[in-house]
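Given next are the chains, with one letter for each unit.
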Amino acid sequence: MATASVTASAYGARDHARAQEGTTVDAMPVLPASSWPTPPEGTAAEDIVWAETVAGGNYTHKVLARGTEVRLTDLSGDACAHVLLFSADRPWERLNAADTVKVLWNAYLGAGHLLLSDQGRVLASITEDTSGRHDALTGTSTLARNVERYGDGTPQSASPAGRELFKLAALKNGLAPRDLPPSVSFFQGVRIAEDGTTEFTGSAGAGKAVTLRAEQDVTVLLANVPHPLDPSPAYTCGCLEVLAYRARPTAAGDALWDATPEGRRAFLNTAEYLTARGIA
Amino acid sequence: MTTAVTSPYAAGRVVSDETVPARAAWSAIVRRGQLLTITDLHGNQAGDFLVYDAHDTSVRYSAPDTIQAQGNIFLTTGSVLLSNEHTPLMTVVEDTCGRHDTVGGACSKESNSLRYGHHTWSQHACVENFLAEGSRHGLGKRDLVSNINWYMNVPVEKDGTLGIVDGISAPGLKVVLRADTDVIALLSNCPQINNPCNGFDPSAVQMTITEPDES
């Protein structure tokens, strides 16, 4: 006679499920976030609001309060953080990659660059950057292209496409595919030659980090997938560490507020909106 | 103001032929296989342009996918305008200008307040045109994405500095697009007067749809 399965009864299934508690894997959220073992320098553990390691080929999303900083770290040197931002309770105001490069007169993202919405306001600012390899022009990967390049691009496959993961993240926030504008990405660089050619410059190495500061309440959608111009025939993408903590929004008098006249007016527009709503 | 040149649109049966006045919007359904000719009648007039799959408007032009696939930020003959699902919407089959922008996006009242100052608030802008014209097809704010700027010149310098500079277009130059599927084409004849994209003097463009002769 065969031994009875431990999950043959509801009691057994419950015991089996509960026995999994305490399992740790490389890529997972840590709760409470304040239990994260290594808070950023100068940050108290209790100010950490989001601590997660995102596997390559996976995604995450969070609604963040104004004044929160999110530090993204490329743990392996081959992560690529594709990011979309939406005004938290008014998602039709969202990241506008074209305005982000045009208004600030620069195609390359880095410290001091502002991620602008289509409403002439700041969604988040880039406060720190040790990588310098980013991209605001060539977007993320798609199902069709991943099928062509890797044989599959569906979320359940070994080579999920960025847009497919963004769709899931969007749907979980009440949004739909039509709410997904062009995204920006961090940790895999693209440069533009004089004749307009795109040049993939790849990663700056393991441990590089970028910090974004929410300048209004934002919904962050994040997909960690290979850069679409990554020439590697293999789908290679390492873990991305996401650590968010309470800080303060950029204020008048801060160097970043006055760094450029365009940025100053973007902060002024943001402040006007928040003031009119009674938020700040 | 230079003299207008008659639109040298693509050969075939003319489905529609319209002059779009300065600062105005235009849209049409362009059926698969039909050709859309955009003629810069007076020279250096930016044409802000978006394309949607006529049968599923959540599939729409994607500047990043288009750049990705061709490995270049400039559009010209041979450029395939790809959707956000990386499928072809239209193809540039002829371009007598040389290159066009798809990085700079559309002007808006909001972004004008950042780029030039709040004194520009009462000026007309491309996003106003896209919204008004798009709504005729059931499109709304959520449907606006980074667009194409025909005849607009946006170089990127070594350090990443980019800007809208003096145009390289001239009266009578044209772009011919072939529809690779049934599409809704949306144009804002750019009203911008604060940079050289329209030579500081917005002017009319010609939009001609032709059905190629059976071969």
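Residues numbered from 1 in each chain as written. Chains lettered and ligands numbered in written order. Predicted model: local features only at pLDDT ≥ 70, side-chain atom pairs only at ≥ 80, totals over all residues.

A short note on the overall build of chain A
Part 1 of the argument: Secondary structure assignment for chain A yields 5 helices and 13 strands.
Part 2 of the argument: A compact globule built from 280 residues should have a C-alpha radius of gyration of about 19 Å, and chain A, at 20 Å, falls within 12% of that.
Part 3 of the argument: The proportion of buried residues among the 280 residues of chain A is 49%.
Part 4 of the argument: Of the contacts formed within chain A by residues at least 6 apart in sequence, a portion of 70% connects residues at least 24 apart. (Helix = DSSP H or I, 4+ residues; strand = E, 2+ residues; numbered from the N terminus. Rg over C-alpha atoms; globule rule 2.2 N^0.38 Å. Buried ≥ 20, exposed ≤ 12 C-beta atoms within 10 Å, placed from the backbone. Contact = placed C-beta atoms within 7 Å.)

Structural notes on the overall build of chain B
Part 1 of the argument: When helices and strands are counted, chain B shows 3 helices and 10 strands.
Part 2 of the argument: The N-to-C order of helical and strand elements in chain B reads β-β-β-β-α-β-β-α-α-β-β-β-β.
Part 3 of the argument: Since a compact globule built from 215 residues should have a radius of gyration of about 17 Å, the 16 Å found for chain B is in line with a globular shape.
Part 4 of the argument: C-alpha extents for chain B along the principal axes are approximately 55 × 40 × 40 Å.

Here we look at the sheet that holds strand β1 (residues 48-54) of chain A
All names here are of chain A.
Part 1 of the argument: With respect to topology, 6 strands assemble into an open sheet ordered β1-β13-β3-β11-β6-β5, the strand pairing being antiparallel. Strand pairing shows two members of the sheet lacking a second neighbour, β1 and β5 (114-116), which therefore form its edges. The mean inter-strand angle of the sheet, taken between neighbouring strand axes irrespective of direction, is 20 degrees.
Part 2 of the argument: Strand direction decides the pairing type here: β1 and strand β13 (residues 240-246), joined by 6 bridges, are antiparallel. What sits directly across from E52, in β13, is V242. (Pairing = 2+ DSSP bridges. Axes fitted to C-alpha atoms, helices over the stretch in contact; angles between N-to-C directions.)

Digging into the interface of chain B and chain A
Part 1 of the argument: The interface is formed by 34 residues belonging to chain B together with 38 residues belonging to chain A.
Part 2 of the argument: Those elements giving two or more residues to the side of chain B that touches chain A turn out to be α1 (63-70) and α2 (109-115) of chain B.
Part 3 of the argument: Counted by class, the side of chain B that touches chain A contains 10 nonpolar, 17 polar and 7 charged residues. (Nonpolar A, V, L, I, M, F, W, Y, C, P; charged D, E, K, R; others polar.)

A word on helix α4 (residues 162-171) of chain A
Part 1 of the argument: Counted residue by residue, α4(A) has 8 buried out of 10 residues, so it is predominantly covered.
Part 2 of the argument: Residues of α4(A) that are buried include every one of G162(A), R163(A), E164(A), L165(A), F166(A), K167(A), A169(A) and A170(A), and no others.

Side note on the pairing of strand β10 (residues 198-202) of chain A
Every other side chain in a regular strand lies on the same face of the sheet, so the side chains alternate between the two faces.
All names here are of chain A.
Part 1 of the argument: Across 4 bridges, the pairing between strand β9 (residues 189-192) and β10 is antiparallel. Across the sheet, R191 pairs through a bridge with E199, a residue of β10.
Part 2 of the argument: Here β9 folds back onto β10, and the loop between the two strands holds 5 residues, one of which, G196, carries a positive phi near 95 degrees.

Topic: the environment of A280(A)
Part 1 of the argument: Within the secondary structure, A280(A) is located in the segment after α5 (261-276).
Part 2 of the argument: The spacing of A280(A) and A124(A) is 156 residues in sequence and 16 Å in space, taken between C-alpha atoms.

Thoughts on unusual backbone geometry
Residues and elements named next belong to chain A.
Part 1 of the argument: A cis geometry characterises the amide bond from L31 onward to P32, with omega recorded as -10 degrees.
Part 2 of the argument: Looking at the element boundaries, P32 is found in the loop between α1 (10-18) and β1.
Part 3 of the argument: The phi dihedral of W105 is positive, around 60 degrees, even though this residue is not glycine.
Part 4 of the argument: Assignment of secondary structure puts W105 in the loop between α2 (97-102) and β5.
Part 5 of the argument: Of the residues examined, W105 has 14 C-beta atoms within 10 Å and is grouped as partly exposed.

Description of the sheet that holds strand β6 (residues 88-95) of chain B
All names here are of chain B.
Part 1 of the argument: With antiparallel pairing, 6 strands are arranged side by side in an open sheet as β1-β10-β3-β8-β6-β5. Unpaired on one side and paired on the other, β1 (13-20) and β5 (80-82) mark the two borders of the sheet. Within the sheet, the average angular offset between the axes of one strand and its neighbour, ignoring direction, is 20 degrees.
Part 2 of the argument: Direction of pairing for β5 relative to β6: antiparallel, over a ladder of 3 bridges.

A closer look at helix α3 (residues 143-150) of chain A
Residues and elements named next belong to chain A.
Part 1 of the argument: Within α3, burial applies to L143, R145 and N146. The arc enclosing the buried residues of α3, seen along the axis, measures out at 160 degrees, which places them on a common side.
Part 2 of the argument: Residues of α3 that are buried in the fold lie against α4. (Arc of directions from axis to C-beta.)

Focus: the environment of L35(B)
Residues and elements named next belong to chain B.
Part 1 of the argument: With respect to the element layout, L35 can be found in strand β3 (residues 35-40).
Part 2 of the argument: The buried category is assigned to L35, around which 22 C-beta atoms lie within 10 Å.
Part 3 of the argument: Sequence separation between L35 and V15 is 20 residues; the distance between their C-alpha atoms is 9.5 Å.

Description of the confidence of the model for chain B
Residue and element names in this part refer to chain B.
Part 1 of the argument: Averaged over all residues, the pLDDT of chain B equals 95, while 95% of them reach at least 70.
Part 2 of the argument: Note on residues 1-6: pLDDT under 50 across the span, and 9 contacts to partners over four residues away in sequence or across chains.
Part 3 of the argument: In the model output, the complex is listed with pTM 0.96 alongside ipTM 0.96. (pLDDT = per-residue confidence, 0-100.)

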